[in-house]
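Working through the structure, step by step
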Amino acid sequence: MSGEVSEPIKKCSLILKNAKSDTEKFAALFMVTKLIKGKDCNQAGKRMLFESIGFDFLRKLLTSKDVPDDCPASVYQSVALSILTCFCEDEQLATHQDMLDSIPVFLGIVSTCDDDEYDDNLIVINEAYHCLQSISQHESGRLALRRHDVITKMAQIYTQRSFQIDEALTLIVTLVSRFGANSWESDPKLFHALLQRVSLDFETDHAERKFELAEMISALLFHCRRDLVARSVQGEIWPECLYKGISDILTSKIGKAQRDPALKLAANAVEVLGIEWTLHDVENPKKFFLLLLQLAAIEVRMQMDNKSFNQCVQQADLITACFIILELSINYMSTDQLDLDQKDKQQVYTGLKGAFSAVLGVLVKLANDTKKDRLQKTEKAFAYAMVRVLTAWLAQETTAMKNHVAKVLPFLFKLANESFYESRDYRIAHKADNVDDHEQQPPADILRVMLPAICHLVVEEEARQIFLKEKEEQVLYDCLLFHWSIAHYKKPPVPRAERLKRMNEPDPEMTPQQLDDMKDSRTAIVSLCNILMNITVLEAKLVEESTLFAQLLRFIFENLPELKDIPDNLVMHGHLAVLGLLLLKQQASKIKKNDFSICRYIQTTIRFLWDAYNIDESNDPQALVVSLQYKEHWFEIMELWFLGMQTMSGIIKLIPWISEFAIESGWAEGIVETLRKVKIGTLPPNVKLAYEDFLSQLVDANPAVAPVLKKADALKVADLLHREHGLSRELANETTTDYLTAFRRCPDNPDMALAQWRSQLWQDVLPVTHKHLAVELYGRWLEWRYRYLALPAELQNMLQTLRLQYLLGIITNGPTAAQWEKIDRLALNKYFDCILVSSDLPWAKPDRNIFYAACHYLGVPPGQCVMIGDKLETDIQVSGGDRHGTRTGSDVYFPRPPIKPLTIRPSWG
């Protein structure tokens, strides 16, 4: 029977127990080795022999230096280790406390592998390593090895020794694979030293060991403290060694057995070092980048095309490594830092499209499989990986394969939502830990990485309707609340009993992990705001009636004023402020005049809009500039500022009493004072228009504003009337304001020529004594008007460049004569292939037919057009483009999500 002990083992055990001296016991040990290796020695027999020998005797042999003169110095150790290596095959013996207590002895032996003492007895070193490796195969053994700091000692051996170092590296990889990033100290010097030695070996070795080292380096990088390594890698040469070694493999004729470990290693390298690591070749930086990207795309297609989900899971490690390369490459290309020619772009686009077609195919099959609701942990992890890489692509390219995307979108939302709530609950439960735990990583949050893609998807009609059908706005609201709790960090309250003690103590510094989490949550909130802005504008009726969006508006009212006024919060602050304005505009009918809960919010939003521009920080005292505080982030908030100004103007029209905040805060007067100081012709037309529109709405909404404008001397014609024609300052301002009001009310008269009609308007508002000046004032006003409206040189250059490759058109609402005057005076005909004025046609924006007419004149299908607008109500909100097949310009109109659109398509329609 398997539990019975053979007679020879019983006899040997008896001899060992009855030995009267160490010499007799030592002699009997030579029988033990032979018996243990015999086929009749079972687990019970090994344990009987182990107990008969006694570990005290084996420890004595391991540590004794009293060796007979005619014997090798390590004879006792050699015998003891040969016995222990046999015993270590049994888990109970390998993890025996006496065995674990001997770990320092084993370490002492392997650390002397370069000493002359062991030159003639290599077996001792091998057997000591064998014992350590056997111990490392079991959890209690791994914990004991960690307590004895074996990783550090093995790393020192690998970096400093030249003999039998592969065993040390194997032991390191075994332990870091168990303990993850917590295996390493906060000082990265040892890690860098280890990577330097192993990477150099990887680069210079050209045998099979090269691929074994590739797998080991992958494990080291995967389980390192990535943030710490990334911050301290500057000046280290191991990244270059890795680059040369991987490049050597991937540019050679190799098979799958060599390519797979190289791709996995490359994926871990770019994840730790960043995709910029692939641009190491100074002469041709994009060569290796493009090679790696193409190989990853091809591998994904090979492994996933026409394959089932189960088949793909079997290759999950390799496919996921390729996903990492694809995601990071796509994100990097979106920054436009890589100089790709048209051929490169075409090849990249073709490769990516093929890869993502394969990914979508597997996702569609999984979405239709009943197994989708019963995924095991590893299967779910792979499903999450597919969603993550696909959404990285969709964040840049939403038109390709959109029919397939629509089919699988509900399933993508389901997976993303599950991952968010699981991750959120875990992080909330562990929030009180307040430590950097690299061993326990929170569950993946796929919704977080999906946000930029959702921002683009909701612009498309079909995807947006799926979004709403799945009630994804509720999930995003929960997501916003969660990320707000992180980004708007509040130190935990101090217990009353400890307040006196802590009064003079400095606040505890936040950990690097907390700071990273706050940064990520700020970015997440920006993406969430962009999505919700698009929904607010494109689904105005739903937002107006939605209880959820009313809750969101209330949340912004109550929380935004509490946000710390620090530079890191500026972009997030602006997005929340403008989202609040858009929601307030849609729900204006529900706002009551005595509801002053919005007071602090409006004041906070005014401050955001007011502080964007000033003269004080300009080198030219007559030039308006973006304030220094905003300059660093201006690319992210420039369009947001214009949207905020425009929406604020619309809100004042709907909720006139809000204008009081603009007056009481001094903002209206501040705008006018600033405009008065700016040199004519230097004010950007779009900024001037934003301010003028806002001030005009203020005047219409609140009679108290007009005196402010007059007092500030803002109008140029009023200045002319006062200086050259003797009108009092007050009368000149009043006359000019009256003219502008009349002009905006009716810019032309179809029964009269433009010049005649506008001169008539001047004559109507001028005092009797100055009515003869009407024609002159109209001429001067017209001159100044078009000086302000003139296209800047950079805008002209942009239009000329665009027209070399695209057909351009204008659709404008307004009276025929007035609009064509602007078109002719600004010489717009030379930049555009089609110009439509609503008064010349039966339709005006937002009627879909005027958009169809433009497509017809250009000879381009609506689906191949991009429409860019600057007015919510006529261009974006219910545009014929968005609802009927063209792509709206919300990427231009709204603040872009953190990742810019990817421009790698060879051409548009």
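The model shown is predicted, which means the values in this text are computed figures rather than measured ones.

What about the overall build of the protein?
For the protein, the helix and strand inventory stands at 48 helices and six strands. For the protein, the proportion of its 909 residues judged to be buried stands at 52%. Taking the intrachain contacts of the protein between residues at least 6 apart in sequence as the baseline, contacts between residues at least 24 apart amount to 74%. Just so you have it, the protein exposes about 42600 Å², and 52% of that area is on carbon and sulfur atoms.

Observations concerning the nonpolar core
One finds M304 and W641 to be the most contacted residues of the largest nonpolar core, which totals 252 residues. Mapping this core onto the domain boundaries places at least three of its residues in each of domain 1 (54–179) and domain 2 (182–281). Sequence-distant contacts of M304, that is, excluding residues within four places in its chain, are made with C312, I319, F323, A358, V359, V362, F382 and M386. By size, the runner-up hydrophobic cluster in this structure holds 26 residues, among which are W757, L773, L799 and V837.

Describing unusual backbone geometry
Going from K845 to P846, the amide bond is cis rather than trans, its omega being 15°. Following the sequence through the fold, P846 ends up in the loop between β4 (834–837) and α45 (848–858). With a phi angle near 60°, D336 is a residue other than glycine that sits in the positive phi range. With phi around 55°, K471 is a residue other than glycine that occupies positive phi space.

Things to note about the pattern of salt bridges
What the rule picks out here adds up to 28 salt bridges. As a salt-bridge pair, R758 and E821 come within 2.8 Å of each other at their nearest N and O atoms. Residue R758 is found in helix α41 (residues 754–765), and its partner E821 is found in helix α44 (residues 816–825); the two are separated by 63 residues along the sequence. The two residues R758 and E821 agree in class, both being buried.

Conventions adopted
- Residues numbered from 1 in each chain as written.
- Predicted model: local features only at pLDDT ≥ 70, side-chain atom pairs only at ≥ 80, totals over all residues.
- Heavy atoms only, no water.
- Helix = DSSP H or I, 4+ residues; strand = E, 2+ residues; numbered from the N terminus.
- Buried < 20%, exposed > 50% of the residue type's maximum accessible area, 1.4 Å probe, protein only.
- Contact = heavy atoms within 4.5 Å.
- Areas by Shrake-Rupley, 256 points an atom, 1.4 Å probe, with all protein chains shown as cover.
- Core = buried A, V, L, I, M, F, W, Y, C linked by side-chain atoms within 4.5 Å.
- Domains from an automatic or database assignment.
- Salt bridge = Lys/Arg side-chain N within 4 Å of Asp/Glu carboxyl O.

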